[in-house]
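Per-entry structural report
The residues making up each chain are set out below.
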Amino acid sequence: MTWQEYAVFLLESIGIYNRDLMLHYYKKIKKFMIWYKNKYGVEIENIPEVADKKLENQKKAISWRRIARAIEKNDFYLKKLSFAQTKTDDKELERLIHKWDNLLNRNTKTDDKNLIKIIEENDKVERGNNNDSKDE
């Protein structure tokens, strides 16, 4: 399996369970590819499977491996693709957590500290709401 096939496989696998999350990743990856096309003239069909690992780690090269690794790490903000965390992304994440709380919860595997923080805050709110309803 190529890195491109693996990236598509990961997106499709996410889409089976959570179409909204798949579309979130898809839109950001598309924006990433358009930026590279406009900045460096790299067409989608010319994106390499891998680039120099050092350049990938420094976020200075586009590759399918870099895209796949970002999805694989559950990098919601796609920081590994040079995106910053935005308020719009935070709102989208909160919406997804409320809609898909069975998939995005404290058991979600991720290295993203901001994602973990938002999930933990959501858990606190949920526990508080459950305690309030028990008191009534």
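Summary of the structure given here. (Residues numbered from 1 in each chain as written. Predicted model: local features only at pLDDT ≥ 70, side-chain atom pairs only at ≥ 80, totals over all residues. Heavy atoms only, no water.)

Structural notes on the overall build of the protein chain
Formally: Counting from the N terminus, the helices are DSSP H or I runs at least four residues long and the strands are E runs at least two residues long. Only protein chains enter the calculation, and the probe is 1.4 Å; a residue is then buried if its accessible area is under 20% of its type maximum, exposed if over 50%, and partly exposed in between. What makes two residues a contact is simply this: any of their non-hydrogen atoms within 4.5 Å. The Shrake-Rupley method, run with a 1.4 Å probe, gives the accessible areas here. Residue values count only the displayed protein chains as cover.
The helix and strand inventory of the protein chain stands at 6 helices and 0 strands. Counted from the first residue to the last, the protein chain has its helices and strands arranged as α-α-α-α-α-α. Residues classed as buried in the protein chain amount to 38% of the 136 residues present. In the protein chain, 53% of the contacts between residues at least 6 apart in sequence involve partners at least 24 apart. Put simply, the protein chain shows about 9100 Å² of open surface, and 51% of that area lies on carbon and sulfur atoms.

Some details on unusual backbone geometry
In this structure, Asn74 is a non-glycine residue whose phi angle is positive, near 55 degrees. Position of Asn74 among the secondary structure elements: in the loop between helix 4 (64–72) and helix 5 (87–99). Residues other than glycine seldom take positive phi values, yet Ser82 does so here, at roughly 80 degrees. Along the chain, the position of Ser82 falls in the loop between helix 4 and helix 5. Residue Ser82 is classed as partly exposed on the basis of its relative accessible area of 45%.

Brief notes about the packing of aromatic side chains
The cut-off we apply is this: Pairing of aromatic rings covers Phe, Tyr and the six-membered ring of Trp, with a centre-to-centre limit of 6.5 Å; geometry is then stacked below 30 degrees between planes, edge-to-face above 60, and tilted otherwise.
Counting across every chain of the model gives 7 aromatic pairs. Ring centres of Tyr6 and Phe9 lie 6.5 Å apart, and the angle between their planes is 20 degrees; this geometry places the pair in the stacked category. Residue Tyr6 and its partner Phe9 are located together in helix 1 (residues 3–17), separated by 3 residues, close to a single helical turn. Looking at Phe9, the relative accessible area reads 41%, which means it is partly exposed. Centre to centre, the rings of Trp35 and Tyr36 are 5.2 Å apart; their planes meet at 80 degrees, and the pair counts as edge-to-face. The structure contains a cluster of three or more aromatic residues connected by ring pairs, namely Phe32, Trp35, Tyr36 and Tyr40.

What to know about helix 5
The following threshold applies: For a helix, the expected span equals 1.5 Å multiplied by the number of residues minus one. Taking the helix axis as origin, the arc is that swept by the directions to the C-beta atoms.
The end-to-end C-alpha distance of helix 5, which contains 13 residues, comes to 18 Å, matching closely the 18 Å that a straight helix rising 1.5 Å per residue would cover. Inspection of helix 5 places Asp89, Asp90, Leu93, Leu96 and Ile97 among the buried residues, and these make up the whole buried set. One face of helix 5 carries all of its buried residues, which in axial projection span an arc of 125 degrees. Pointing more than 90 degrees away from the buried face of helix 5 are the exposed residues Lys87, Thr88 and Lys91.

Considerations on the environment of Ala70
With respect to the helices, strands and loops of the structure, Ala70 is situated in helix 4. For Ala70, a relative accessible area of 0% corresponds to the buried category. Separated by 45 residues in sequence, Ala70 and Tyr25 have C-alpha atoms that sit 9.5 Å apart. Not counting the four nearest positions on each side in its chain, Ala70 is found in contact with Asp75, Leu78, Lys80 and Leu81.

Everything listed here is a matter of coordinates, which is why it stays silent on function.
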